[in-house]
2 protein chains.
Amino acid sequence: MREADLIAKLTAHLSGRHPLLVTGIGDDAAVWEWNPQTYGLISTDTLHEHWDFDRVYHPAKYIGYKAATSALSDICAMNGEPLFLVVALGVPRYVSPAYLEALYDGLRQVEEKYGVAVIGGDISPARDLWLTVTVVGQVEKARITYRRGAQPTHLVCVTGDLGGAYAGLKILQREKAVFLQNPSIQPDISGFNYIVSRQLKPEARLDMVRRLRELGVQPSSMTDLSDGLAAGLHHLSTASQAAFHIYLDRLPFHEQTYKVAQLLDMPLSALLLYGGEEYELLFTAPVTAYERLQQEEQIHIIGFVKEGEGVWAEDSLGQVERVELVSWDSLLGRKDQPQAEGSS
Amino acid sequence: MREADLIAKLTAHLSGRHPLLVTGIGDDAAVWEWNPQTYGLISTDTLHEHWDFDRVYHPAKYIGYKAATSALSDICAMNGEPLFLVVALGVPRYVSPAYLEALYDGLRQVEEKYGVAVIGGDISPARDLWLTVTVVGQVEKARITYRRGAQPTHLVCVTGDLGGAYAGLKILQREKAVFLQNPSIQPDISGFNYIVSRQLKPEARLDMVRRLRELGVQPSSMTDLSDGLAAGLHHLSTASQAAFHIYLDRLPFHEQTYKVAQLLDMPLSALLLYGGEEYELLFTAPVTAYERLQQEEQIHIIGFVKEGEGVWAEDSLGQVERVELVSWDSLLGRKDQPQAEGSS
């Protein structure tokens, strides 16, 4: 069963009803009535050793950083501003206080960079290291953006570039394999610093949330790309009950990502569509915003919304194919064998 | 290092500053400015397999129930009303969807009983089963109760009864040992249903928060007894910079707890002072509330606050001894050896 299906099945057991609740499980964050002008937002996210990070090449400070920014990203995806973080940690015996301090230094960097505060915590003994970060945010009611809301003719946009986090992971795994075979060889990530940093120390696009406000652009639907572009497109398409049509040659990528696609002998488009953990924003906006969006270096118009259903990709020859929902599914696939990744 | 010391050390790495923040890490819940009349509250709590529960005798439904009520208890400890829960789960491969559904049924029972809503979730693959529940609540500013605030002459009160959860655990462990030696013998908890239920399916004392309001009693300091009475007394004493004097023969207990103390050949007072996971409320109140508190069946006046420092217990012969801070510390002691408890 896929994680999304499992969550849907489990959620059906809940009532999820409260007078102050506006939207519960099903979007990037839950939404409640804060005051007459403002909604409260809350979301939670876990990074778990072996599945989500490998302590061999992921420095503690960046693990803390990534756990926090990946949670903040959910608030950004609602067009909101994050306020507070609460951190629960599972800590194995072999993790030293100094290691945890480094991890907390990463949290502090996030506090400073994003203007948020870590205001609560819980530490449990555990067999593996894991972090659950819950984030509370706020958004003006007039600016809240759900996954639903995209309408035919609207532009499909993405921030930053795609596939870098996955490409960076591949480089890190390659260097780890070399190191395990011959510990005297030092890891070499030269030439791949950008994508390695996309994997180890990603940013939430709060800057883009603020930039859209400055531009006077109200997105009609939005999600983050934690599960990859294909999944994000499907989320918006399903929630908005509209078809999404994108142009593969408009997908933004970094040259280092391109190099990895070549190294791995993988189609670049597969990497851009399915590589997850991006924490970029995918959103739609009315065509009236075209001029304003077009001139933004960090925003790329990659397609449009149309009547119908599904996600469709057009290649440079004009051929259109359906994009299947193959998500960065943490309950399936490559992440299901922690033992195979060592260090257990 | 004890959990509290470790958390203090790690917290020192954080800034924890935000214009809306009133009180961060250090009380039962963090406090923020919700609106001019109301504070927001947030807290997080984890139940982790092997350390906090044993799937051999803890039914899935009650694991879900306990994870939620133990988190709600932190909001009650601030004299607040819980509103929303967000649940992060670590799920091993061998846990079936049906098992998770039972766990969610437990969460739903909590939704109904406490009038709260589960509004968000995250599921991660993991080696052990764990649940982190983060709870958001509210409290009128005039009614918020911190750990600080107790003053000399104030009454020290506790709700419900003490030591039952620990006594229930001992019965469950005894039955498990019998079962492991001879699987044909069915567990026998007859005569211990009350304390077993205190361990497996504890309640948060939201009813007491509401009752105190009805009585017009504003506690001067409060905490819950998740770490046991001795730890709770020390928390209030330290935060309030005052000494706490209690009478051992006033500590409330259930007859089943008394029976277990006899069975284990343990002093009853040790069980009442140090048994954790109670989720009862420990609070102080001005002596003017004496009459109103005295007539409440579920509230027990166990001592008083005085000038000085430390926690002092007087026995029935009038002998006074210092109560040491030995907490139900989840990073030390009996919970540090999951392997020894089997099923890993």
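Everything numeric in this text was worked out from a predicted model, so none of it was measured.

S.K.: Go over the overall build of chain A with me, naming the residues and quoting the values.
M.R.: Across its full length, chain A holds ten helices and 13 strands. For a compact globule of 344 residues, the expected C-alpha radius of gyration is about 20 Å, and chain A comes in at 20 Å, within 12% of that figure. Across the 344 residues in chain A, those meeting the buried criterion constitute 60%. Put simply, of all contacts in chain A between residues at least 6 apart along the chain, 83% involve residues at least 24 apart. Separation between the mean location of the 30 positive side-chain charges and that of the 44 negative ones in chain A comes to 3 Å.

S.K.: Just give me the short version of the interface of chain B and chain A, but keep the residues and values in it.
M.R.: On the chain A side, the residues contacting the 66 residues of chain B number 66 residues. It is His13(B), Pro125(B) and Arg127(B) in chain B that bury the most area against chain A; as a group they hold 13% of the surface buried on that side. Linking chain B with chain A are four salt bridges. The partner of Asp128(B) in a salt bridge is Arg127(A), and the shortest N-O contact between them spans 2.8 Å. Counting only elements with at least two residues in the side of chain B that touches chain A, the list comes to α1 (3–11), β2 (30–35), β3 (38–48), β4 (81–91), α3 (97–114), β5 (117–125) and β6 (130–140) of chain B. Here the side of chain B that touches chain A takes nine residues from β5(B), the largest share from any one element. Among the residues making up the side of chain B that touches chain A, the classes are represented as 32 nonpolar, 20 polar and 14 charged.

S.K.: Describe the side chain of Thr46(A), naming the residues involved and giving the relevant values.
M.R.: Relative to the helices and strands, Thr46(A) is located in strand β3 (residues 38–48). In terms of polar contacts, Thr46(A) uses its side chain to reach the side chain of Thr132(A), at 2.9 Å. When sequence neighbours within four positions are dropped, the list of residues in contact with Thr46(A) reads Asp52(A), Leu131(A), Thr132(A), Ala88(B), Asp122(B), Ser124(B) and Trp130(B).

S.K.: Can you lay out the packing of helix α4 (residues 164–181) of chain A against helix α5 (residues 193–200) of chain A for me, pointing to particular residues and giving the numbers?
M.R.: Axis angle and axis distance: for two packed helices, these are the angle between their axes and the distance between the axes, and together they describe the pair. Residue and element names in this part refer to chain A. Packing of α4 against α5 brings their axes to within 7 Å, and their N-to-C directions diverge by 100 degrees. Viewed along their axes, α4 and α5 adopt a mutual orientation that is roughly perpendicular. On α5, the residues touching Gly164, Ala165, Tyr166, Ala167, Gly168, Leu169, Ile171 and Leu172 of α4 are Ile195, Val196, Arg198, Gln199 and Leu200. Looking at the contact of α4 with α5 residue by residue, the class counts come to nine nonpolar, three polar and one charged.

S.K.: Give me the environment of Ala142(B): which residues, what numbers.
M.R.: Residues and elements named next belong to chain B. Structurally, the position occupied by alanine 142 is in the loop between β6 and β7 (155–159). Residue classification places alanine 142 among the exposed residues on the basis of a relative accessible area of 67%. Through-space distance from the C-alpha of alanine 142 to that of tyrosine 39 is 9.5 Å; in sequence the pair is 103 residues apart.

S.K.: Any details on the relation of the copies chain B and chain A? Residues and values, ideally.
M.R.: Rotating chain B by 180 degrees about the axis while translating it 0.0 Å along that axis superimposes it on chain A, leaving an RMSD of 0.0 Å. The superposition of one copy onto the other is thereby described by a two-fold rotation axis. When the interface residues of chain B are mapped onto chain A, 100% of them are again interface residues, pointing to one common binding face.

S.K.: Explain the sheet that holds β7(B) to me, using residue names and the numbers behind them.
M.R.: Residues and elements named next belong to chain B. Pairing is mixed in the open sheet, where seven strands are placed in the order β8-β10-β7-β11-β9-β12-β13. The open sheet has two edge strands, β8 (221–224) and β13 (320–322), and neither has a second partner. Averaged over all adjacent pairs, the angle separating strand axes in this sheet is 25 degrees, with direction ignored. In this sheet, strand β12 (residues 311–314) lies alongside strand β9 (residues 243–247) in parallel orientation, the contact comprising four bridges. Within the sheet, the bridge partner assigned to tyrosine 247 lies in β12 and is glutamate 314.

S.K.: For the pattern of salt bridges, give the residues involved together with the corresponding values.
M.R.: Within the structure shown, the criterion is met by 42 salt bridges over all chains. Salt-bridge contacts for Lys113(A) lead to Glu203(A); the nearest nitrogen and oxygen are separated by 3.6 Å. Taken as a pair, Lys113(A) in helix α3 (residues 97–114) and Glu203(A) in the loop between α5 and α6 (206–215) lie far apart in primary sequence, 90 residues in all. You can call Glu203(A) partly exposed: its relative accessible area is 24%. The partner of Asp27(B) in a salt bridge is Arg147(B), with the nearest N and O atoms 3.7 Å apart. Taken together, the residues Asp27(B) in the loop between β1 (21–23) and β2 and Arg147(B) in the loop between β6 and β7 connect sequence positions 120 residues apart. The buried category is assigned to Asp27(B), whose relative accessible area is 14%.

S.K.: I'd like a description of the packing of aromatic side chains, backed by residues and values.
M.R.: Across all of its chains, the model carries twelve aromatic pairs over all chains by this definition. The structure contains a cluster of three or more aromatic residues connected by ring pairs, namely Trp32(A), Trp34(A), Phe84(A), Trp32(B), Trp34(B) and Phe84(B). The residue whose ring lies beneath Lys201(A) is Tyr65(A), and the NZ or CZ to ring-centre distance is 4.3 Å.

S.K.: A description of helix α4 (residues 164–181) of chain B should follow, citing residues and the corresponding values.
M.R.: In this model, α4(B) (18 residues) spans 26 Å end to end at C-alpha, consistent with the 26 Å of a helix rising 1.5 Å per residue. Inspection of α4(B) places Gly164(B), Ala165(B), Tyr166(B), Ala167(B), Gly168(B), Leu169(B), Ile171(B), Leu172(B), Glu175(B) and Lys176(B) among the buried residues, and these make up the whole buried set.

S.K.: Explain helix α2 (residues 60–76) of chain B to me, using residue names and the numbers behind them.
M.R.: A rise of 1.5 Å per residue sets the reference length of α2(B), with its 17 residues, at 24 Å; its end C-alpha atoms lie 24 Å apart and thus fit the reference within 8%. Burial runs high along α2(B): 15 of the 17 residues are buried.

S.K.: Just give me the short version of the pairing of strand β5 (residues 117–125) of chain A, but keep the residues and values in it.
M.R.: Residue and element names in this part refer to chain A. With respect to burial, β5 is a largely interior element, eight of its nine residues being buried. Alignment of strand β4 (residues 81–91) against β5, held across eight bridges, turns out to be parallel. Counted as the bridge partner of leucine 89 is isoleucine 123 from β5. Crossover handedness for the path β4 to α3 to β5: right-handed.

S.K.: I'd love a proper account of the sheet that holds β6(B), names of residues and values included.
M.R.: All names here are of chain B. Pairing is mixed across the open sheet formed by six strands, whose spatial order is β1-β2-β3-β6-β4-β5. Edge positions in the sheet fall to β1 and β5, since each of these pairs with one other strand and no more. Adjacent strand axes in the sheet meet at a mean angle of 25 degrees when their direction is disregarded. In this sheet, β3 lies alongside β2 in antiparallel orientation, the contact comprising five bridges. For tryptophan 32, the partnering residue across the bridge sits in β3 and is glycine 40.

S.K.: Residue-level account of the nonpolar core, with values.
M.R.: Burial of nonpolar side chains together is a common tendency in soluble globular proteins. If you look at the biggest cluster of nonpolar residues, it comprises 60 residues, and the most contacted ones within it are Leu85(B), Leu89(B), Leu103(B) and Leu293(B). The biggest single contributor to this core is α2(B), with nine residues. One finds Leu41(A), Val110(A), Tyr114(A) and Val135(A) within the second-largest nonpolar core, a separate group that totals 59 residues.

S.K.: Requested: an account of the packing of α5(A) against helix α8 (residues 255–264) of chain A, with residues and values cited.
M.R.: All names here are of chain A. Running from N to C, α5 and α8 point in directions that differ by 95 degrees, and their axes come no closer than 8 Å. Taken together, the axes of α5 and α8 lie roughly perpendicular to each other. Judged by residue contacts, Asn193, Tyr194 and Ile195 of α5 engage Gln256, Thr257 and Val260 from α8. Among the residues forming the contact of α5 with α8, the class breakdown is three nonpolar, three polar and no charged.

S.K.: Outline the domain arrangement of chain A, listing residues and values.
M.R.: Residue and element names in this part refer to chain A. Split by domain assignment, chain A resolves into domain 1 (3–143) and domain 2 (155–335). Just the C-alpha atoms count here: the centres of domain 1 and domain 2 sit 21 Å apart. Counting residues at the interface gives 32 residues for domain 1, matched by 30 residues for domain 2. Carbon and sulfur atoms make up 50% of the area that domain 1 and domain 2 hide from each other, which totals about 2,800 Å². Together, Tyr57, Lys66 and Arg143 form the three largest contributors to the area buried by domain 1 at its contact with domain 2, with a combined 23%.

About the thresholds
Residues numbered from 1 in each chain as written. Chains lettered and ligands numbered in written order. Predicted model: local features only at pLDDT ≥ 70, side-chain atom pairs only at ≥ 80, totals over all residues. Heavy atoms only, no water. Helix = DSSP H or I, 4+ residues; strand = E, 2+ residues; numbered from the N terminus. Rg over C-alpha atoms; globule rule 2.2 N^0.38 Å. Buried < 20%, exposed > 50% of the residue type's maximum accessible area, 1.4 Å probe, protein only. Contact = heavy atoms within 4.5 Å. Lys, Arg positive; Asp, Glu negative; His and termini not counted. Charge placed at Lys NZ, Arg CZ, Asp CG, Glu CD. Buried area = accessible area lost by both parts, 1.4 Å probe. Salt bridge = Lys/Arg side-chain N within 4 Å of Asp/Glu carboxyl O. Nonpolar A, V, L, I, M, F, W, Y, C, P; charged D, E, K, R; others polar. Polar contact = N/O pair within 3.5 Å; in protein donor to acceptor, adjacent residues only side chain to side chain. Axes fitted to C-alpha atoms, helices over the stretch in contact; angles between N-to-C directions. Parallel < 35°, antiparallel > 145°, perpendicular 65-115°, else oblique. Least-squares fit on C-alpha atoms with pLDDT ≥ 70 in both. Pairing = 2+ DSSP bridges. Phe/Tyr/Trp six-rings, centres within 6.5 Å; stacked < 30°, edge-to-face > 60°. Lys NZ or Arg CZ within 6 Å of the ring centre and 35° of its normal. Expected span 1.5 Å × (residues − 1). Right-handed = clockwise from strand over helix to strand, strands pointing away. Core = buried A, V, L, I, M, F, W, Y, C linked by side-chain atoms within 4.5 Å. Domains from an automatic or database assignment.

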